[in-house]
Amino acid sequence: MTHLDAGAELDPVHPVPFPAPVRGLTSAQVAERLANGQVNDVPVRSSRSLAEIVRANVVTRFNAIIGVLWLVMLVVAPIQDSLFGFVILANTGIGIVQEWRAKQTLDSLAVIGEARPTVRRDGVATEVATHEIVLDDLMEIGPGDKVVVDGVCAEADGLEIDESLLTGEADPVVKRPGDQVMSGSFVVAGSGAFTATRVGREAYAAQLAEEASRFTLVHSELRTGISTILKYVTWMMVPAAIGLVLTQLVVKNNGLKDAVARTVGGIVPMVPEGLVLLTSVAFAIGVIRLGRQQCLVQELPAIEGLARIDTVCLDKTGTLTEGGMDVTGLRALDGSDESYVRKVLGALGESDPRPNASLQAIVDAYPDSEDWRCVESLPFSSARKYSGAAFSEGDGETSTWLLGAPDVLLSPGHPALAETDRLNEEGLRVLLLARATRDLDDPEVADSARPTALVVLEQRLRPDAADTLRYFAEQDVRAKVISGDNAVSVGVVAAKLGLSGKAVDARRLPAGREEMADALDEATVFGRVSPQQKRDMVGALQSRGHTVAMTGDGVNDVLALKDADIGVSMGSGSEATRAVAQIVLLNNSFATLPSVVAEGRRVIGNITRVATLFLVKTVYSVLLAVLVVCSGVEYPFLPRHLTLLSTLTIGIPAFFLALAPNKERARPHFVRRVMRYSVPGGVVAGVATFVTYLVARHYYVGAGSLDAETSAATLTLFLVSMWVLAIVARPYTWWRLVLVASMGVAFVLVLAVPSLQGFFALRLVGVAMPWTAVGVAVVAAVVLEFLWKWVDRRFPV
C-alpha cells in the first residue's frame, strides 16, 4: 500500500493535499544550537544529589544538639564520656553511604527506563535522549508519547492530545498545524510533529519530569508520624533539660566537670537520633533490593504506600495478558468476500504508523495490498473504541472502513452480537470490521456502518499472573480488573487466572460516587471502561477508605494512575504512564509486585517495631530527668553508661530488626501504635531505675558511693531495657534469640573484665544491692508484660 506523497496529484474525492513534509534541522544547525546552549539540558534526577544526601543526614536539629554537647564533653570529660558523638558520626556515615548506594541504583534504573523521543533531523527520524533535544527540533509524536518540550504543531494526522495533567480538563484536544503543544501533555490518538519552541528550564516539562522522578521522603504516614513524635519529644526535652542543668550546677554542690558530664548524660539519651536515620537506611536498602529486580521506585514513599494497599486495580492488557495477540479467526458477515476483507484488513494495518496490540496482530496476519492508498485515517481512541481509514483502491474505487468494538459499532439486537458474545465467553477478543457510509470526520461516522466481518483475536496470558493474583488474595488485597475490552471476555480471562467474581459492563455503572462504590464492592471485573470512568472508579474506592493501587501501561490509564494512591506502570508502557507512576516495573513483569508489597511491609513493620525501642529510651530519660530535678539528687548516669546501654539494647538490635523479613500487613495509625507501648514501657523503666537508685543511695555511704549507686541503677535499667527488647523481638526465631542473648553476654563481659569496668565506670559493690537491682528489674518486667497486654485490650488500634 502507498501513502499519498507530498507533491502528488490531488485526490478526486479529497482535493486537499497533505502538507509538504518538514525535514527538520540540519546537523550544522543542531551543532550551532548546542554551541549556543539552546539545549534541553535540565537533568531529570531520580534521586537527591550527593550534597543533598550529606546535608539531609548531617544537618538535623538533633545532630546540632548532640554536636554541641559532644564538643563540651570532649573538653570537660574523659573520652569514654564522648563515645556518643562517635556513634552519631558512624550512624550518619552509614546513612549517607546507604542512600548514596540507593541513588546509584535509582540513577542506573532511570537510564534504563528513560524515554527517547523521536526527532527529525536532515529528514531522518532519529531517537535521542531527552537532554539532546535542541531549540527548533522537529519532534515526532504518536499515541502514548509524552510531550517533553513546548512547541508549535507542524504536522497532524488525527492528532489528539490530553492536557489533563496541566489543565485538569480530561477531554483530549484536537491539534492542527499552528496550535500550541504544551510539555507535560501526552498523545492519546493520531500522530504528528511539532517544532520545539521552549527547551531546558523554560519548558514546563523540565519541572514536571523532575518532580515526577524525584527521590522523596515526604507524604508518608511513617515519615509524618516520626516527625510528629520528634516534635513532641523536643517540647518535653527542653524544660526537662533546663531543670536538669539547674539541678546539677546549682542545687548540688558538685565539681563543675562532673556536674556538666552528668547533665549531658541526662540530655543526650532524650534524643531519639537513630530513629530518623534508621528509617532512611531501611528505605534506602529497600530501594536497592527492588532495584535488583528491575523495579524503579520513582518516589520513595511508594514502597510504604504499596504495602498499605487493600485494593489493586488491574488493567488487563499488559498486566494480566502480554502485549501481543494472535489472529485466530475471521468470520465474514452478510456474504462478504473473505479475500476482499483480507485486503481491507491489510490496508487498515498499514494505515496506522503506530499500531496498538490488536492492530499489530492484524498487520502480522494480513499482508499489505500494494495498490491501495490511504487518503485519510482516524486513529484509535479508547474513548470511542474504534479506528478507521479511507482508501483509494487499486481499481479507482474509494471506501471508508471502521475497526473496533462490535458492541459499540453495532446496534443492540444485531445478530452478529450473539456470535460476539459466544466468542467472548470463550475468552477471545473480537473486533468488528464495518464499512462506513459517511466521512471519517463526521461525528456520526459509526452510525449506519455496515458490518462486514468479525476478527477473532486470542490474548496471551502472562504466565506469572495467576501466582500474583493468588498472592494478593492470600494477603487480603482485593483485585479489580478494569479494562476497555468486552466485560464477558475480560471475565473469562480473569477466571482462567483464578480470579472469580461478577463481570459488569461499565457503561451500565451509575454515575454517582456512592452508587459506583456500591457496584465496585459487588463485582470484580469491569469491561468497556472509559478513561474517565477508570479515574472515577479509583475515586469511588478511595471514598470508602480504601488504599488503591492502579496498574497500567497505556495512555488510557494515565488519569487513573495519577489519582490512585500508588500508580504502577510497565517499563514498556507509554511514556506518559511512566511519568505519572510512582513505581515502574522495568522488566514488565506483573510478578514483581508481590516483592514490592513485601518490601514495603518489611520496612513499615520493622520501623514500627524498632521505633518502640528508641522512644522507650526517650520516655525514661525525660522521666529520670524530672525525678532528679524534683528530688534534688545527682543525676545517676554519665554519658558513657547510657552510650553502652543504648548500643546494646537499641542501636545494634534495632539495625538487625529493621532489616529482617516481616510479612505482617501494614496497619494505620503509626504514632498511636508506637506511643501506646513506648509511654508505659518508658515509665516502668524510669520508675524501676530511680527506685533502685534511691535504695542504693541509702545503702552505700562514704567515698565512691556515687559510682556504686550508678552501677546498681545501670544494672536495673539494662535488665528492664533488655526485657523491652525481648518483647519487641517477638515472635522469636533462632537469630532473634541469638541477637538478644549476645547483647546480654556483651554486658556481662563489661561487668566481668576489669579493663572494661574501668573504661565504663561500672563496678557492682557487694552482693545485696546488685541482687536488689535484679529483683526490682524482675518486678518491672512482670509489670511491663501485664501493662502491655492491658494496653492491647484497652486501646486497640
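Treat the numbers as computed from the prediction; the structure is a model and nothing was measured.

Rules of the game
- Residues numbered from 1 in each chain as written.
- Predicted model: local features only at pLDDT ≥ 70, side-chain atom pairs only at ≥ 80, totals over all residues.
- Heavy atoms only, no water.
- Phe/Tyr/Trp six-rings, centres within 6.5 Å; stacked < 30°, edge-to-face > 60°.
- Buried < 20%, exposed > 50% of the residue type's maximum accessible area, 1.4 Å probe, protein only.
- Helix = DSSP H or I, 4+ residues; strand = E, 2+ residues; numbered from the N terminus.
- 1 Å grid on protein atoms, 1.4 Å probe; cavity = no way out; pocket = protein on both sides within 12 Å on 5 of 7 lines; lining within 4 Å.
- Points joined across faces, edges and corners; volume = space filled by probe spheres on them.
- Nonpolar A, V, L, I, M, F, W, Y, C, P; charged D, E, K, R; others polar.
- Contact = heavy atoms within 4.5 Å.
- Axes fitted to C-alpha atoms, helices over the stretch in contact; angles between N-to-C directions.
- Parallel < 35°, antiparallel > 145°, perpendicular 65-115°, else oblique.
- Left-handed = near helix turned anticlockwise from the far one by under 90°.
- Pairing = 2+ DSSP bridges.
- Core = buried A, V, L, I, M, F, W, Y, C linked by side-chain atoms within 4.5 Å.
- Disulfide = S-S within 2.5 Å.

(A) Structural context of the packing of aromatic side chains. Taken as a whole, this structure holds 12 aromatic pairs when the rule is applied. Look at Y635 and F637: their rings are 6.1 Å apart centre to centre, the planes differ by 75 degrees, and that puts the pair in the edge-to-face class. Neither residue differs from the other here; Y635 and F637 are each classed as buried. Both rings, one in F718 and one in F747, keep their centres 3.8 Å apart while their planes meet at 10 degrees; by these two values the pair is stacked. On the criterion of sequence distance, the pair formed by F718 in helix α24 (residues 705-728) and F747 in helix α25 (residues 734-752) is long-range, its members being 29 residues apart. Across this residue pair, the class does not change: F718 and F747 are buried. Connected via pairs of aromatic rings, a cluster forms that spans Y340, W372, F391 and W401.

(B) Representation of empty space enclosed by the protein in the model. Counted under the stated rule, the structure contains two cavities of 30 Å³ or more. One number sums up the size of the largest cavity: a volume of about 120 Å³. Contributing to the lining of the largest cavity are 16 residues, with S351, D352, S377, L378 and P379 lying nearest its centre. At the level of secondary structure, the elements contributing two or more residues to the lining of the largest cavity comprise β7 (186-198), α11 (338-351), β11 (373-381) and β12 (386-392). Here the lining of the largest cavity gets four residues from one element, more than from any other, and that element is β11. Residues belonging to the lining of the largest cavity are distributed by class as follows: seven nonpolar, six polar and three charged. A volume near 50 Å³ is recorded for the second largest cavity.

(C) Up close: the environment of M237. Structurally, the position occupied by M237 is in helix α7 (residues 221-251). Along the backbone, M237 and V271 are 34 residues apart, and their C-alpha atoms lie at a distance of 8.1 Å. Beyond its immediate chain neighbours, meaning those up to four positions away, M237 contacts F62, I65, M270 and V271.

(D) Expanded view of the environment of G552. Position of G552 relative to the elements: it lies in strand β19 (residues 548-552). For the pair G552 and T612, spaced 60 residues apart in sequence, the C-alpha to C-alpha distance is 38 Å.

(E) Structural context of the packing of helix α21 (residues 593-631) against helix α23 (residues 670-699). Direction vectors running N to C along α21 and α23 enclose 40 degrees, while the axes themselves pass 7 Å from each other. Between α21 and α23, the angle falls in the class oblique. Note that α21 runs across α23; the crossing there is right-handed. In terms of residue class, the contact of α21 with α23 is built from 18 nonpolar, eight polar and one charged.

(F) A look at the sheet that holds strand β20 (residues 566-570). Spatial ordering of the open sheet is given by β8-β21-β20-β19-β9-β16-β18-β17, a layout of eight strands whose pairing is mixed. Two strands close off the open sheet at either side, each with one partner strand: β8 (295-297) and β17 (503-505). Along the sheet, successive strands turn relative to each other by an average axial angle of 20 degrees, direction set aside. Across three bridges, the pairing between β20 and strand β21 (residues 583-585) is parallel. By the bridge assignment, M570 is partnered in β21 with L585.

(G) Representation of the nonpolar core in the model. Counting residues in hydrophobic clusters, the biggest one holds 123 residues, and the most contacted among them are L306, F472, I583 and F590. For this core, the element with the most residues is α21, which contributes 16 residues. Contact partners of F472, with chain neighbours within four places excluded, come to I309, V312, V477, F590, L593 and V597. Counting residues in hydrophobic clusters, the runner-up holds 27 residues, among them F526, V529, M537 and A564.

(H) Local environment of the state of the cysteines. In total, this model carries zero disulfides according to the counting rule given. Here C313 stays unpaired: no disulfide links it, and the sulfur of C295, its closest cysteine neighbor, is 19 Å away. The structure places no disulfide on C374, whose sulfur is separated from the nearest cysteine sulfur, that of C153, by 18 Å.

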